[in-house]
Amino acid sequence: MTDNSLPIGVFDSGVGGLTVAREILRNLPNEKIIYFGDTARVPYGNKSADTIIRYSKQIARFLLSKEVKAITIACNTASALALSAVREELDIPVIGVVKPGATAATRETRNNHIGVIGTKGTVNSGLYEKLICDLNPGAEVFSTACPLFVNLVEEGMIDDPITVQMIHRYLDDMIDKNDIDTLILGCTHYPLLLSVLARELGAHRAGDGSASGISLVNPAYETAIALKDMLKANDLLSDRTEPVAPEEHSYYVSDDAATFRRFAEDVLGIRADNVELKVLE
Ligand code: DGL
């Protein structure tokens, strides 16, 4: 029987997956996490499925060697392209971010016109579309890649005129032409643009009770909630009654620990005391 006091492994192509880690820390405060950010090989968004599968399997094996009880694939691209391959390799529960995001969007939409934004890899995989249509065959899904958002966020250009311009360039036509009422932020970095997107698109956070305007679905949040259900179903929820302290979590990166630590603290407010370098081959 797996020990439910073991940590949860979380991985991403780099710093972006910290948006998922932050939701896990907020919503499952008694769980310890081990995070791996593949900062040496980021971005994943424009790489082939074979490469993403190879990288994801390596990371999953590394996390398993650290004795995790479950794995969360925080990266949308890796969730879209490598979730089944990782699941086949491991005999612990593995969750990705795509299904929770797709499920929330089908719950949220009123007119069945759902938009998806993400990396080229995520959009080209068609997985959000497939899962949404499996859940609601009447839904119409419109997807577009917004690759520059990743760099803008990493440059700290969150509420910046260039970012605002790119939001309108990427999204105005897509939303208007297709009468989209629900938009999935299908990339780890996009939840950091949520307030700017809401202001610029006349949108709101999914589930906040607003009845009009576009609903923005944050798969990072939805995944933390789905992870809780998955742990419960597998009898793996931690029995701890007191929250885990920041220094009990561990972070590994394949390059440049200092930049990672700074991004975690400055942009996400996550105190990442233990960041170690781990090169995977
Ligand atoms: N983490 C990636 C994702 O969510 C975005 C960054 C990248 O391209 O690696 O798809």
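First, a word on what this report is: a plain description of the structure on this page. The shown structure was predicted, so the numbers you read here are calculated from the model rather than taken from an experiment.

## Remarks on the pattern of salt bridges
For the structure on display, the rule yields 14 salt bridges. Arg199 is paired through a salt bridge with Asp159; the nearest N and O atoms lie 2.9 Å apart. Pair noted here: Arg199 is in helix 9 (residues 194-201) and Asp159 is in the loop between helix 7 (148-154) and helix 8 (161-178), with a separation of 40 residues, a long-range link. Look at Asp159 and you get exposed, because its relative accessible area is 51%. One continuous salt-bridge network, built from bridges that share partners, spans Lys57, Arg61 and Glu89.

## Quick notes on helix 11 (residues 257-266)
Turn by turn, an α-helix covers 3.6 residues, leaving residues three or four places apart pointing in a common direction. The complete set of buried residues in helix 11 reads Ala257, Phe260, Phe263 and Ala264. One side of helix 11 holds all its buried residues, which, seen down the axis, span an arc of 130°. Where helix 11 is buried, its residues touch helix 1 (18-27), strand 2 (33-37), helix 7, strand 10 (250-253) and strand 11 (275-277).

## A word on the environment of Val10
Looking at the secondary structure, you find Val10 in strand 1 (residues 8-12). Sequence spacing of Val10 and Asn30 is 20 residues, and the spatial spacing of their C-alpha atoms is 15 Å.

## Observations concerning the sheet that holds strand 1
Strands sit in the order 4-3-1-2-10-11 across an open sheet of six strands; the sheet is parallel. Every interior strand has two partners, whereas the edge strands, strand 4 (94-96) and strand 11, have only one. Averaged over all pairs of adjacent strands, the angle between their axes in this sheet comes to 20°, without regard to strand direction. Two elements, strand 1 and strand 3 (residues 70-73), share four bridges in a ladder whose sense is parallel. By the bridge assignment for strand 3, Gly9 is matched with Ile71.

## Description of unusual backbone geometry
The amide bond that connects Val42 to the next residue, Pro43, takes the cis arrangement and shows omega of 0°. Residue position: Pro43 is located in the loop between strand 2 and helix 2 (49-65). Phi angles above zero are rare outside glycine, and Glu67 is one such case at about 60°. Note on placement: Glu67 falls in the loop between helix 2 and strand 3. Taking the relative accessible area as the measure of exposure, Glu67 reaches 53% and is therefore exposed. Its identity is not glycine, yet Asp256 carries a phi of approximately 55°, on the positive side. Within the secondary structure layout, Asp256 lies in the loop between strand 10 and helix 11. Residue classification places Asp256 among the partly exposed residues on the basis of a relative accessible area of 40%.

## Brief notes about the nonpolar core
Counting 59 residues, the largest nonpolar core has Leu18, Phe149, Leu171, Leu201, Leu216 and Tyr251 as the members making the most contacts within it. Considering each element in turn, this core owes the most residues, seven residues, to helix 8. Once you skip the residues sitting within four places of it in the chain, Leu18 turns out to touch Tyr35, Tyr251, Phe260, Phe263, Ala264, Leu268 and Ile270. The next biggest cluster of nonpolar side chains, apart from the first, holds 23 residues, and it includes Phe36, Tyr55, Val86 and Leu280.

## Remarks on the site of the ligand
Around the ligand sit 13 residues in total, of which Asp12, Ser13, Tyr44, Gly45 and Thr77 are the nearest. Separating an oxygen atom of the ligand from a side-chain N or O atom of Thr77 is a distance of 2.5 Å. A distance of 2.9 Å is found between a nitrogen atom of the ligand and a side-chain nitrogen or oxygen belonging to Thr188. Coverage of the ligand by the protein amounts to 98% of the 300 Å² it exposes when considered alone. In terms of residue class, the shell around the ligand is built from five nonpolar, seven polar and one charged.

Reading the values: rules and limits
Residues numbered from 1 in each chain as written. Predicted model: local features only at pLDDT ≥ 70, side-chain atom pairs only at ≥ 80, totals over all residues. Heavy atoms only, no water. Salt bridge = Lys/Arg side-chain N within 4 Å of Asp/Glu carboxyl O. Helix = DSSP H or I, 4+ residues; strand = E, 2+ residues; numbered from the N terminus. Buried < 20%, exposed > 50% of the residue type's maximum accessible area, 1.4 Å probe, protein only. Arc of directions from axis to C-beta. Contact = heavy atoms within 4.5 Å. Pairing = 2+ DSSP bridges. Axes fitted to C-alpha atoms, helices over the stretch in contact; angles between N-to-C directions. Core = buried A, V, L, I, M, F, W, Y, C linked by side-chain atoms within 4.5 Å. Near = heavy atom within 4 Å. Polar contact = N/O pair within 3.5 Å; in protein donor to acceptor, adjacent residues only side chain to side chain. Areas by Shrake-Rupley, 256 points an atom, 1.4 Å probe, with all protein chains shown as cover. Nonpolar A, V, L, I, M, F, W, Y, C, P; charged D, E, K, R; others polar.

Worth remembering: the numbers are spatial, not functional.
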